[in-house]
Amino acid sequence: MTFGKGTLLRQHSPYLRKASDRHARILDVAERNSVIEGLPKFSRQMKQKVSRKLKRLSAR
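Residues numbered from 1 in each chain as written. Predicted model: local features only at pLDDT ≥ 70, side-chain atom pairs only at ≥ 80, totals over all residues. Heavy atoms only, no water.

Asks: Give a description of the overall build of the chain that names residues and reports values.
Replies: Across its full length, the chain carries three helices and zero strands. Going from N to C terminus, the chain has its helices and strands arranged as α-α-α. In terms of its C-alpha atoms, the chain occupies a principal-axis envelope of roughly 40 × 25 × 20 Å. Buried positions account for 15% of the 60 residues belonging to the chain. (Helix = DSSP H or I, 4+ residues; strand = E, 2+ residues; numbered from the N terminus. Buried < 20%, exposed > 50% of the residue type's maximum accessible area, 1.4 Å probe, protein only.)

Below, the structure is given as structure tokens:
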């Protein structure tokens, strides 16, 4: 088995195919995990900043 050479997860999961839905899920999970660790919820500015970075990363 060769790791990193197969099909991308987002190609297999219909929930991850659309970039905007995928980014929203990533933000949601990151925020929930942060709250579990005792950090405050993300501010609107933080969500916007992370969303912009995710869009740049997915464009590569």
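Asks: I'd love a proper account of the pattern of salt bridges, names of residues and values included.
Replies: Taken as a whole and assessed by the stated rule, the structure comprises two salt bridges. For the salt bridge of aspartate 28 with arginine 32, the shortest nitrogen-to-oxygen distance reads 2.8 Å. Here aspartate 28 and its partner arginine 32 are both found in helix H2 (residues 19-36), four residues apart, which amounts to about one turn of the helix. Overall, aspartate 28 belongs to the partly exposed group, its relative accessible area being 34%. Here lysine 47 ties to glutamate 31 by a salt bridge, and the two come within 3.6 Å at their closest N and O atoms. Placement of the pair is lysine 47 in helix H3 (residues 44-59) and glutamate 31 in helix H2, with a sequence separation of 16 residues. (Salt bridge = Lys/Arg side-chain N within 4 Å of Asp/Glu carboxyl O.)

Asks: So what's going on with H2? Which residues, and what values?
Replies: Here H2 contains 18 residues, and its C-alpha end-to-end distance of 26 Å stays within 8% of the 26 Å for a straight helix at 1.5 Å per residue. Looking at the buried side of H2, the elements it contacts are helix H1 (9-12) and H3. Two residues or fewer after H2 comes glycine 38, characterised by a positive phi angle close to 95°. (Expected span 1.5 Å × (residues − 1). Contact = heavy atoms within 4.5 Å.)

Treat this as a map of the structure, not an account of what it does.
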